[in-house]
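The lines below spell out each chain.
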Amino acid sequence: MSKALEGIRVVDLTVWFQGPVAAQHLADFGADVIKIERPQGGDQGRGVRSIKSLEVGDWNQYFLVINRNKKSMAIDLKKAEGQEILYRLVEKSDVFLSNLSLDLLANWNLSYDKLASINPRLVYATNTGYGLFSSASKPSFDMTVQALTGAMARLGEPGQPPIYMGMGSGDAFGGIMSALGIMLALYQRRRTGKGQYLDASLYGAQLYLAAPYLQSFLAGHRESALQQSRKQVANPLWNLYPTRGKWVYLCEPNRDDRHAVVGRALAAEAMLQDSRFKDAAGRAAHNEALIEIIENATRQHGHEELMAAFDREGVIASPVNNLADVIRDEQAWQNRYFMKTYCEEVDRDVDVRGMPVTLSRTPGELRCLGPQLGQDTELLMMELLEYQWEEIEAMKAKGAIP
Amino acid sequence: MSRALDNVIVLDLGRQFCTALSAAFLADFGARVIRLDLLPANAGPRPAGWNHEADLIHRNKESLALDLRSDQGRAVLKDLLAKVDVVVTDWQRDELAAAGLDYERVQASRPDVVYGRLSGFGPLGPDADLPPIDELAAARTGMMPILPQPGQPPVYTGSGAMHASVMMAFGVVMALFHRLETGEGQEVDVSLFGANMYGAALDLQAFLAIGKGDRLLNPISRLDVSNPMSGSLYPSADGRWVTLTMPDTDRWWPVFSKMVGIATDDPRFDSHDKRTESHRLELIEALEQAFQRHPGAYWRQAFMDNQMSADVIEQFDYPADDPQVVANRYILELDHPSFGKVKSLGFPIFMSDSSARLERLAPCIGQHTGQVLDELLGYSAETIHQLTAAGVVA
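Residues numbered from 1 in each chain as written. Chains lettered and ligands numbered in written order. Predicted model: local features only at pLDDT ≥ 70, side-chain atom pairs only at ≥ 80, totals over all residues.

Participant: Honestly, the overall build of chain B in this entry has me stumped. Any pointers?
Facilitator: Scanning chain B from N- to C-terminus turns up 18 helices and 12 strands. In terms of principal-axis extent, the alpha carbons of chain B reach across some 90 × 50 × 45 Å. Relative to its full complement of 394 residues, chain B shows a buried share of 53%. Put simply, of all contacts in chain B between residues at least 6 apart along the chain, 68% involve residues at least 24 apart. (Helix = DSSP H or I, 4+ residues; strand = E, 2+ residues; numbered from the N terminus. Buried ≥ 20, exposed ≤ 12 C-beta atoms within 10 Å, placed from the backbone. Contact = placed C-beta atoms within 7 Å.)

Next up, the structure:
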């Protein structure tokens, strides 16, 4: 099977989640991604031992999944000799990606100007926290950036604390955004032969993530910034409802025919006969009353029973599942959103997140989980970078590589 | 200035916000995006005031208004399909087939087309033809019940659709990249389900690996957070919330403890294990009190002074008024022809040699019909006049 990114080599100098996941998307589609790590401990993501006070399991799924399909070189970039190795690698690469701070990259002589002088065709990509044209220099993480965008403050019932969209949610978004930026630059380079500098910041990505609500706010709709109660949504037919079991998400437009169908499915005479609800405007005007009536009806049933009634009438709705449901969801497995792969650490197949983007001719592939720290250092130095063994020994003696 | 996609022609058949925005993204970075507006135009109620949504999701696009119900209309479509490099759509498969816009038919006119389709639940499996509704996909992804505080209703964030939007652009550009080398087109499918799952990155992967755990199935109270110094929320004196992300508590404790007024050598909290395990709940309680001693603005400054990964939780007015957001073009200030000075969402990616553009706001329906028929399809003025008179185009 051919690969979309066949022949593209990426120098991946990233840590934690957002940068690594950006490079993972490229690696999944066939790029040769070489992760550069500090010799002592490597990427900090290797150290994650628990998530929500739960042991990560007997294999490090935090690190191994987002660094899959990659090689690893351990290089001490604080040393001039280490930087020389990286320069030689940059000469033979197409993309340089880093989510380290720009100051740190400059201190290590890895600025855009320096690397572009070595390889003018290089696509040089950074992931700053707050953008290239910001004075903010403090470290940025997913949740602290999500906090600034306003996206957290609008979620949840009024009076409740703000809501974080899930561990790694903003990083995952920043990661795909960064991968998209790199693809744009690679596409242009394939036509023009020229590399360039790009930055996809966590802040920029997360503001884009808030697009529908932020744009509405910018246009003067101040309520878009605020928490809104599910008891007051404008269209009661498109809303969350409790049952005796799971919650159910009802997704019907505010139309007379759909209102009637929902009423029939719920056997809720009060919905059908009350003249306040006879047209769309009435249902919007009396939304709170209608929501209460629907809720009284849904509470009478378990979610399975309710879904059966909805299915019978062709009502569009879904139970609100939990993670135990989704990992068994056949639809996810058939589309390769989940995959099984061999994990050396525990010598068995494990379940991992798969390929969210489906390309019919050049699909993503899962070849291996994340590398061991520095496992490819010597081999790549010899075969790709054409160092002699004596030179490698000298590099070791100087501490540039372990 | 050249732009990344300025040799690409896209046919935009997106109905939803996220699909249309995906096509707009391609236009922002140089693609010529032609939106197909079907006749008769749906004369729905126009929102009063600025149509801010259209000016975001249809910016930089052209509009071609075409009636597909006639043979002549379908012939125009066929000519158009021969010229487009990319199709972006979120229609259901039966609708596409009925309109002659399914992949097989488009490919017959344009063998190397890149055909991007947003689906609800992916191209395979029993639910491949469920409607693409983000709420349905989010409900099925497993995250909604665990986002709020305990006892609260599940939370729909809307982020899955936006993930899908960016994933679609990523898949399309990657397929274009492959095409440039090989001449081969292909289908790209991004589903709301798959995109929601990617947004649920860490919790979902943790559950896949661990296979159990109440803390992954039920909401965790903020007063029971796993690391009091990371992923935590505390109210400040003026009710504004602060949040901390300092997973490596050993590194931060000396300066952090001083900042919040807890003795650095307090024996309850003098190691990472004590802070995150044996005395975790006591530390949460102590921080709950500490942060209530000062208002949000005080804490923002303190976090800044100490270069800490911590911040005050803001509303949209913060980025809207943040000069750095404008400096980075994440939000644009523009002069709207009808509404004067307005702010509109900008571009998330900076590119040194092919920056994003804002050439025009949303087109009126059919605004570019003549231009597309003339320039792109090479129709004569007479033919265009005839098609217009017959109501095939507008």
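Here the narrative resumes, following the displayed structure.
Participant: I tried to follow the packing of helix H10 (residues 256–266) of chain A against helix H14 (residues 303–313) of chain A on my own but got confused; where do I start?
Facilitator: In a pair of packed helices, the angle between the axes and the distance between the axes together describe the arrangement. All names here are of chain A. At their nearest, the axes of H10 and H14 sit 9 Å apart, and the two run at 135 degrees to each other. Judged by the angle between their axes, H10 and H14 are oblique. Like other packed secondary-structure pairs, H10 and H14 cross with a definite hand, here right-handed. Touching Val261, Arg264 and Ala265 of H10 are Ala309, Phe310, Arg312 and Glu313, all from H14. (Axes fitted to C-alpha atoms, helices over the stretch in contact; angles between N-to-C directions. Parallel < 35°, antiparallel > 145°, perpendicular 65-115°, else oblique. Left-handed = near helix turned anticlockwise from the far one by under 90°.)

Participant: What should I look at first to understand the interface of chain B and chain A in this one?
Facilitator: The figure often quoted for interface size is the accessible area lost as the parts come together. Facing 120 residues of chain B, the contacting portion of chain A comprises 116 residues. The biggest single contributor to the side of chain B that touches chain A is helix H7 (residues 159–182) of chain B, with 15 residues. Of the residues contributing to the side of chain B that touches chain A, the split by class is 72 nonpolar, 33 polar and 15 charged. Pairing of strand E8 (residues 196–200) of chain A with strand E12 (residues 349–351) of chain B, which is carried by three bridges, proceeds in the antiparallel orientation. Bridge pairing in E12 of chain B links alanine 200 of chain A to isoleucine 349 of chain B. (Nonpolar A, V, L, I, M, F, W, Y, C, P; charged D, E, K, R; others polar. Pairing = 2+ DSSP bridges.)

Participant: Where do I start with the sheet that holds strand E1 (residues 9–13) of chain B in this structure?
Facilitator: Adjacent strands of a sheet form backbone hydrogen bonds with each other and so pair up, either parallel or antiparallel. Taken together, seven strands build an open sheet; the order of strands is E14(A)-E6(B)-E5(B)-E4(B)-E1(B)-E2(B)-E3(B) and the sheet is mixed. Single-partner strands in this sheet number two, and they are strand E14 (357–359) of chain A together with strand E3 (61–66) of chain B. In this sheet, neighbouring strand axes are inclined to one another by 20 degrees on average, regardless of whether the strands run parallel or antiparallel. Summarising the sheet, strand E4 (residues 86–89) of chain B and strand E5 (residues 114–119) of chain B pair through four bridges and their orientation is parallel. Note that in E5 of chain B the partner of valine 87 of chain B across the bridge is tyrosine 115 of chain B. Here helix H17 (residues 369–376) of chain B sits on the sheet in contact with strand E2 (32–38) and E3 of chain B, set at roughly 95 degrees to E3 of chain B.

Participant: Would you explain the environment of leucine 323 of chain A in this entry?
Facilitator: Residue placement: leucine 323 of chain A occurs in helix H15 (residues 323–326). Contact partners of leucine 323 of chain A, with chain neighbours within four places excluded, come to Gly142, Asp203, Leu204, Phe207, Leu216 and Leu217 of chain B.

Participant: Even after reading the chapter, I still don't get the nonpolar core, so can you show me in this structure?
Facilitator: A general tendency of soluble globular proteins is for nonpolar side chains to be buried together. By size, the foremost hydrophobic cluster in this structure holds 248 residues, and its most contacted members are Met183 of chain A together with Val10, Leu26, Phe170, Val172 and Val173 of chain B. Non-local contacts of valine 10 of chain B, meaning those with residues more than four positions away in its chain, are made with Ala23, Leu26, Ala31, Arg32, Val33, Ile34, Val84, Asp85, Val86 and Val88 of chain B. (Core = buried A, V, L, I, M, F, W, Y, C linked by C-beta atoms within 7 Å.)

Participant: I'm lost on the pairing of strand E11 (residues 340–345) of chain B in this one. Help?
Facilitator: Regular strands have side chains that alternate between both faces of the sheet. Where strand E10 (residues 331–336) of chain B meets E11 of chain B, six bridges bridge the pair, whose relative direction is antiparallel. Note that in E11 of chain B the partner of leucine 334 of chain B across the bridge is valine 342 of chain B.

Participant: Honestly, helix H3 (residues 71–81) of chain B in this entry has me stumped. Any pointers?
Facilitator: Since one α-helical turn is 3.6 residues long, residues separated by three or four positions face the same way. All names here are of chain B. Of all the residues in H3, the buried ones are Val76, Leu77 and Leu80. All buried residues of H3 fall inside an arc of 100 degrees around its axis, so they share one side. Away from its buried face by more than 90 degrees, H3 exposes Asp71 and Ala75. Where H3 is buried, its residues contact E1, E3 and helix H18 (381–389). (Arc of directions from axis to C-beta.)

Participant: So what exactly am I meant to see when it comes to the sheet that holds strand E10 (residues 248–251) of chain A here?
Facilitator: As summarised here, the arrangement of the three strands in space is E9-E10-E11 (chain A), forming an open sheet in which the pairing is antiparallel. Here the strands that pair on one side only, and so sit at the sheet edges, are strand E9 (238–241) and strand E11 (317–319) of chain A. Direction aside, neighbouring strands of the sheet carry axes that sit 15 degrees apart on average. Pairing of E9 of chain A with E10 of chain A, which is carried by four bridges, proceeds in the antiparallel orientation. Looking across to E10 of chain A, one finds that leucine 240 of chain A is bridged to tyrosine 249 of chain A. Against the sheet, helix H6 (residues 134–141) of chain B contacts E10 and E11 of chain A, and its axis sits at roughly 170 degrees relative to E10 of chain A.

Participant: What is the right way to look at helix H13 (residues 280–291) of chain B in this model?
Facilitator: All names here are of chain B. Helix length check: H13, at 12 residues, gives a terminal C-alpha distance of 16 Å against a target of 16 Å (1.5 Å per residue), a fit within 8%. Those residues of H13 that sit buried are Leu283, Ile284, Leu287 and Phe291. For H13, the angular spread of the buried residues around the axis is 105 degrees, confining them to a single face. What points out from H13, more than 90 degrees from its buried face, is the exposed set Leu281 and Gln289. (Expected span 1.5 Å × (residues − 1).)

Participant: Help me understand unusual backbone geometry in this model?
Facilitator: Glycine aside, a negative phi is what most residues show, and trans is what most peptide bonds show. The residue after leucine 39 of chain B, namely proline 40 of chain B, is reached through a cis peptide bond having omega 0 degrees. Despite not being glycine, asparagine 109 of chain A has its phi angle at roughly 60 degrees, a positive value. Mapped onto the fold, asparagine 109 of chain A is located in the loop between helix H4 (102–107) and helix H5 (112–118). According to the C-beta neighbour criterion, asparagine 109 of chain A is partly exposed, with 14 such atoms within 10 Å. Phi angles above zero are rare outside glycine, and glutamate 386 of chain A is one such case at about 60 degrees. Counting through the fold element by element, glutamate 386 of chain A comes out in the loop between helix H17 (377–383) and helix H18 (389–397). A residue is classified by how many C-beta atoms lie within 10 Å of it, and glutamate 386 of chain A, with 10 of them, is exposed.

Participant: Looking at this model, I keep getting lost on the environment of leucine 359 of chain A. Mind explaining?
Facilitator: With respect to the element layout, leucine 359 of chain A can be found in strand E14. Non-local contacts of leucine 359 of chain A, meaning those with residues more than four positions away in its chain, are made with Ala4 of chain A together with Gly171, Met174, Ala175, Gln186 and Val188 of chain B.

Participant: Please explain the packing of H6 of chain B against helix H8 (residues 192–199) of chain B as it appears in this structure.
Facilitator: All names here are of chain B. The interhelical angle for the contact between H6 and H8, taken along N-to-C directions, is 50 degrees, at an axis separation of 8 Å. By the angle class used here, H6 and H8 are oblique. The two elements H6 and H8 meet at a crossing, and its hand is right-handed. Touching Asp134, Ala137, Ala138, Arg140 and Thr141 of H6 are Leu192, Phe193, Asn196 and Met197, all from H8. By residue class, the composition of the contact of H6 with H8 is five nonpolar, two polar and two charged.

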